[in-house]
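So you can see what is in the structure, the chains are spelled out below.
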Amino acid sequence: MNMNLIERDSRYVWHPYTQMQTTPAPIGIVRGEGAYLYAGDGRKYFDAVASWWVNLHGHSHSYIAEKVSEQLRTLEHAMFAGFTHPPAVDLAERLLEVLPSDQAKVFYSDDGSTAVEVAVKMAMQYWSNKGTPRNRLIALKDAYHGDTFGAMSVSSRSTFTAPFSPLLFEVDFIDVPVKGSEEEALEQLRRIMLEREDEIAAFIFEPLVQGTAGMVMYEPGPLDQLLKICREHGILTIADEVMTGFGRTGKLFACNYLEQQPDIFCFSKGITGGTMAFGATTCTQQVFDAFLSGDKLKTFFHGHSFTANPLACAASLASLDILVEPETMESIARISRQHEAFAGKIAGHRSVRQVRCRGTIFALEWETGDSTSYFSGLRDKLYNFFLENGIIMRPLGNIIYIMPPYCSTEEELDFVYQTIELALEKFSA
Ligand SMILES: *Cc1c(COP(=O)(O)O)cnc(C)c1O
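As the structure is a prediction and not an experimental result, all values here were calculated from the model.

Student: Could you give an account of the packing of aromatic side chains, with specific residues and numbers?
Tutor: Applying the stated criterion to the full structure yields 19 aromatic pairs. Between Y108 and F278, the aromatic rings sit 5.4 Å apart at their centres with planes inclined by 20°, giving stacked as the arrangement. Taken together, the positions of Y108 in strand 4 (residues 103-109) and F278 in the loop between strand 11 (264-267) and strand 12 (279-284) put the pair 170 residues apart, joining distant regions of the chain. Where F149 meets F164, the ring centres are 5.7 Å apart and the plane angle is 75°; that geometry is what we call edge-to-face. Of this pair, F149 sits in helix 6 (residues 149-153) while F164 is found in the loop between helix 6 and strand 6 (171-174), placing the two residues 15 residues apart along the sequence. On the basis of relative accessible area, F149 is assigned to the partly exposed category, the value being 40%. Under the relative-accessibility criterion, F164 is labelled partly exposed at 32%. By the ring-pair criterion, three or more aromatic residues cluster together here, those being F246, F253, F265 and F267. Above the ring of F288, the side-chain terminus of K105 is found at 4.5 Å from the ring centroid.

What follows is the structure, encoded as C-alpha cells:
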C-alpha cells in the first residue's frame, strides 16, 4: 500500500521547496501521535522541527480533534463579509486578551504569507487613507516573511526570490541587531529616517529569532531601540510572529520580551496548534481608525474565501486552551532549561561554531572548516543521518535546530541531544 502511495505521489504530486527531478522519494506518513509521525512501513519519527514549525501540542491531539469535529457538525464555514459567528468572535476576544493591551482588532486570513500581506497592505493603506501616501518599507537583512509577492518583497533577496526580482517592490534592509551589530543597525535606521522618513510606511521584523535565516537570534534591547526610533518618527511597526508566536520563545509571544510594542502583529503556524492553515493580523485602534470613513474608498478591500473559517477558529481556541494550562507552560520552561544545559555541554566541541537558544528553540551552527568540498553535502548528510535515527531534522545549510512540540518529554529530548552528539563525532571538521 505504501509503495503504491509513493508511486502515485511521484506521478501526480508537486512538492514545495523540492527539485522534483533529483529529490529522493518522500516518506509516506500515515498517522501522527504526540511528538511522533508514523510512516506506512511502520517506522516512527520524532518530529524535532514540529512539522515546519507549526505543531505545538503534538499530532492528532484528541482535545483539538474533538473541538474541531464538534464545530464541523455545527457550522463548517460561512462567508465573513456581512456575517459573523461565535468561533471568530471568541477567538478575537481570546487573542486580544493575551496580546499587548493596545492591540484592538483582529483580521483573519489563510496562512503566514497572507497574514503578512494583510499587514503590509494595512500599513500602506493606512498612510494613503490619511492623505499622505507612503510606499516604502524597512525590513531586516536575511528576513523571511513568506512566499507571496508582498511577503517576498519584504524578505531578503535570495536564490528563492531571484526569478521574480524585477517585480518585487523596493525595501530598505537594515542589519540584524545581533551581538556586535546593534549600533550599526540603529545607525542605518536613523540614516533612513533622515533621508526619506516621509516615504516610509512601516518597519517589519521577526522578533528575536529569524527562523529561515538559520535561527539567527538577537536580544530584546536593540529591538526596543529600533522600535523607539520608529515610534519617534511615527513609522508603523509590524511584528511577524508567525514562527515565534504561541510560546516558542519561552513567553507567549516574542514581543513579551520587549518594552516597546508593535502596531501590528502577524500570526499563523502555531495559532491552530498546527492543525490547519490559518492566519491572523492584529492592529491597534489607531491603525483601524484610519480606515473608518464615510468615503467607501477608504475601506480595506482585502479578504479571502475562507476568512475566519470556523474550523480553524475552533482549532485555535482549543490550542489556546491547552497552551495556557500550567502544565504546558511548565513544559515550555523545562524544554528551555534542557536546551540551555545541552548548549552549555557542547558549546566547546570542535565541530560546533555556535549554539543559540531562545525558549524552546535550539540552534547549532556546524563548524565547516575550510574543507568546503567535503562539507558541501553536509546538509543532506545530516538530514539523512537524523532520519536514519528516527528524528526529523531539516537543517538550514550547516545549521540544525530543534523546535519540538511542547508535549516532548525529557527522555525524548535527551535522545535527540544524544543523536546530535553522535553526529558531531561523525561529521566533524
Ligand atoms: C513560515 C513563515 C511565514 C510564512 O508562512 P506560510 O504559512 O508558510 O505562508 C512568514 N513569516 C515567518 C516569520 C515565517 O516563519
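Next comes the rest of the description.
Student: Which residues make up the packing of helix 13 (residues 378-388) against helix 14 (residues 410-426), and what are the values?
Tutor: The geometry of helix 13 relative to helix 14 is characterised by a closest axis approach of 11 Å and an angle of 140° between their N-to-C directions. Taken together, the axis directions place helix 13 and helix 14 in an arrangement best described as oblique. Helix-helix and strand crossings are classified by hand; for helix 13 and helix 14 the assignment is right-handed. The segment helix 13 lies against helix 14, with L382, F385 and F386 engaging T419, I420, L422, A423 and K426. Here the residues of the contact of helix 13 with helix 14 sort into six nonpolar, one polar and one charged.

Student: So, the UniProt feature "modified residue: N6-(pyridoxal phosphate)lysine" (unreviewed entry) in the chain: which residues are in play, and what are the values?
Tutor: Those residues carrying the UniProt feature "modified residue: N6-(pyridoxal phosphate)lysine" (unreviewed entry) are K269 in this numbering. Its place among the elements puts K269 in the loop between strand 11 and strand 12. On the accessibility criterion, K269 (22% relative accessible area) is partly exposed. Leaving out residues up to four positions away in the same chain, K269 has contacts with W52, W53, V54, V242, M243, G274 and F278.

Student: Give a description of unusual backbone geometry that names residues and reports values.
Tutor: Despite not being glycine, S51 shows a phi value in the positive range, around 50°. Residue placement: S51 occurs in helix 2 (residues 50-53). What makes S51 partly exposed here is its relative accessible area of 27%. Phi angles above zero are rare outside glycine, and A308 is one such case at about 60°. Mapped onto the fold, A308 is located in the loop between helix 9 (285-289) and helix 10 (310-323). A308 gets classed as buried once you look at its relative accessible area, which sits at 0%.

Student: Can you lay out helix 7 (residues 182-196) for me, pointing to particular residues and giving the numbers?
Tutor: In this model, helix 7 (15 residues) spans 21 Å end to end at C-alpha, consistent with the 21 Å of a helix rising 1.5 Å per residue. Every buried residue of helix 7 is accounted for by A185, L186, Q188, L189, I192 and M193. In an axial view of helix 7, the angular spread of the buried residues amounts to 160°, which keeps them on one side of the axis. Exposed side chains of helix 7 directed beyond 90 degrees from the buried face belong to E183, L194 and E195. Residues of helix 7 that are buried sit in contact with strand 5 (136-140), strand 6, strand 7 (200-205) and helix 8 (220-232).

Student: Give a detailed account of the UniProt feature "binding site: substrate" (unreviewed entry) in the chain, specifying residues and quantitative values.
Tutor: Those residues carrying the UniProt feature "binding site: substrate" (unreviewed entry) are W52, Y144, K269, G303 and R394 in this numbering. Spanning 343 residues, the named residues are also spread out in space, since their farthest C-alpha pair is 33.2 Å apart. Residue placement: W52 occurs in helix 2. In this structure W52 touches P16, Y17, K269 and R394, once residues within four positions along its chain are discounted.

Student: Report on the nonpolar core, specifying residues and quantitative values.
Tutor: Formed by 64 residues in total, the largest nonpolar core has its most connected members in Y108, F203, M215, L223 and F246. Two domains each provide a minimum of three residues to this core, namely domain 1 (5-60 + 326-427) and domain 2 (64-324). Dropping the residues within four chain positions of it, F246 is found in contact with L56, L95, L252, F253, F267, G270, I271, L320, L323 and Y406. One finds F342, I346, V352 and L378 within the second-largest nonpolar core, a separate group that totals 29 residues.

Student: Break down the sheet that holds strand 13 (residues 352-358) for me, citing the residues and quoting the values.
Tutor: The sheet built from three strands is open, its strands ordered 13-14-16 with antiparallel pairing. For this open sheet the edge positions go to strand 13 and strand 16 (399-402), each flanked by a neighbour on one side alone. Sheet twist, expressed as the average angle between the axes of neighbouring strands with direction ignored, equals 15°. Sheet topology places strand 13 next to strand 14 (residues 361-366); six bridges connect them, and they run antiparallel. By the bridge assignment, V352 is partnered in strand 14 with W366.

Student: Before we move on, could you go through the sheet that holds strand 3 (residues 44-47) and cite the residues and values that matter?
Tutor: Pairing within the open sheet is mixed, and its four strands lie in the order 1-2-3-15. Lying at the two open borders of the sheet, with one neighbouring strand each, are strand 1 (29-33) and strand 15 (391-392). Examined bridge by bridge, strand 1 and strand 2 (residues 36-39) share four bridges and lie antiparallel to one another. Residue pairing across strands places R31 opposite Y38, the latter belonging to strand 2.

What counts, and at which threshold
Residues numbered from 1 in each chain as written. Predicted model: local features only at pLDDT ≥ 70, side-chain atom pairs only at ≥ 80, totals over all residues. Heavy atoms only, no water. Phe/Tyr/Trp six-rings, centres within 6.5 Å; stacked < 30°, edge-to-face > 60°. Helix = DSSP H or I, 4+ residues; strand = E, 2+ residues; numbered from the N terminus. Buried < 20%, exposed > 50% of the residue type's maximum accessible area, 1.4 Å probe, protein only. Lys NZ or Arg CZ within 6 Å of the ring centre and 35° of its normal. Axes fitted to C-alpha atoms, helices over the stretch in contact; angles between N-to-C directions. Parallel < 35°, antiparallel > 145°, perpendicular 65-115°, else oblique. Left-handed = near helix turned anticlockwise from the far one by under 90°. Contact = heavy atoms within 4.5 Å. Nonpolar A, V, L, I, M, F, W, Y, C, P; charged D, E, K, R; others polar. UniProt positions renumbered as here; feature names shortened; annotations may be inferred. Expected span 1.5 Å × (residues − 1). Arc of directions from axis to C-beta. Core = buried A, V, L, I, M, F, W, Y, C linked by side-chain atoms within 4.5 Å. Domains from an automatic or database assignment. Pairing = 2+ DSSP bridges.

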